Each structure stands twice: as structure tokens, then as C-alpha cells.
Amino acid sequence: MQSTQINFRIPIKLKQQAQKKAKNLDMNLSGVVKLFLEKFTYEDVFETQTQHNIKWEKVFDQGVKGYFMSEKGKKNARIIDELLSDVR
């Protein structure tokens, strides 16, 4: 089998993270790149997956706080408070 060498630049942190993950899978970066290129070449559909590190609690809290601090939220909270006081 003939082979060739490729050279490319990637961020150092990305290389280190990839090396660590490859090592955990008993692979090296050469094997990872070869696997990627084979999949990329032979697959008709190439899908990418994006991972977002979103702290949903903060997003939810911002929405809830924003709503209850708005005039509409304050009005609804007063109505709910009045309905609850009528129940007592």
C-alpha cells in the first residue's frame, strides 16, 4: 500500500485534547485522521455534531426573572396573590 504524508496546522489545545482522547481509545492522531478521511470519503452523507456547553439553569432563571420583573409578570403575580388570599 502506498502512502503519503500530510501536514496541517491546528490549535495546540485541540491537538492535545485529540491526543488525549485518541490515547484513551488506544489510537494515535495518525489513525484518527485516517479514520476521519475514510469516513469522509466513503460516506454519501457527512454529518457534523455540535456540542454546546449551555447552563440551562441560568437560561431558565434569566427567563423567569425577566418575566416576573416585567410589568406583565408583576401584574399576573398580583392577580395570583389576590386569588390565593381569597382561598385562605
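So, how was this worked out
Residues numbered from 1 in each chain as written. Predicted model: local features only at pLDDT ≥ 70, side-chain atom pairs only at ≥ 80, totals over all residues. Heavy atoms only, no water. Salt bridge = Lys/Arg side-chain N within 4 Å of Asp/Glu carboxyl O. Helix = DSSP H or I, 4+ residues; strand = E, 2+ residues; numbered from the N terminus. Buried < 20%, exposed > 50% of the residue type's maximum accessible area, 1.4 Å probe, protein only. Expected span 1.5 Å × (residues − 1). Polar contact = N/O pair within 3.5 Å; in protein donor to acceptor, adjacent residues only side chain to side chain.

Between side chains of opposite charge, pairing is possible as soon as their charged atoms come close. Considering all chains together, one arrives at 1 salt bridge under this definition. The closest approach of N and O atoms between Lys34 and Glu38, which form a salt bridge, is 3.9 Å. With Lys34 and Glu38 both in helix H2 (residues 29-42), this residue pair falls 4 residues apart, about one helical turn. Overall, Lys34 belongs to the partly exposed group, its relative accessible area being 45%. Residue classification places Glu38 among the partly exposed positions, given a relative accessible area of 35%.

Here H2 contains 14 residues, and its C-alpha end-to-end distance of 20 Å stays within 8% of the 20 Å for a straight helix at 1.5 Å per residue. Capping the start of H2 is the job of one residue whose side-chain oxygen sits 3.2 Å from the backbone nitrogen of Ser30: Asn28.

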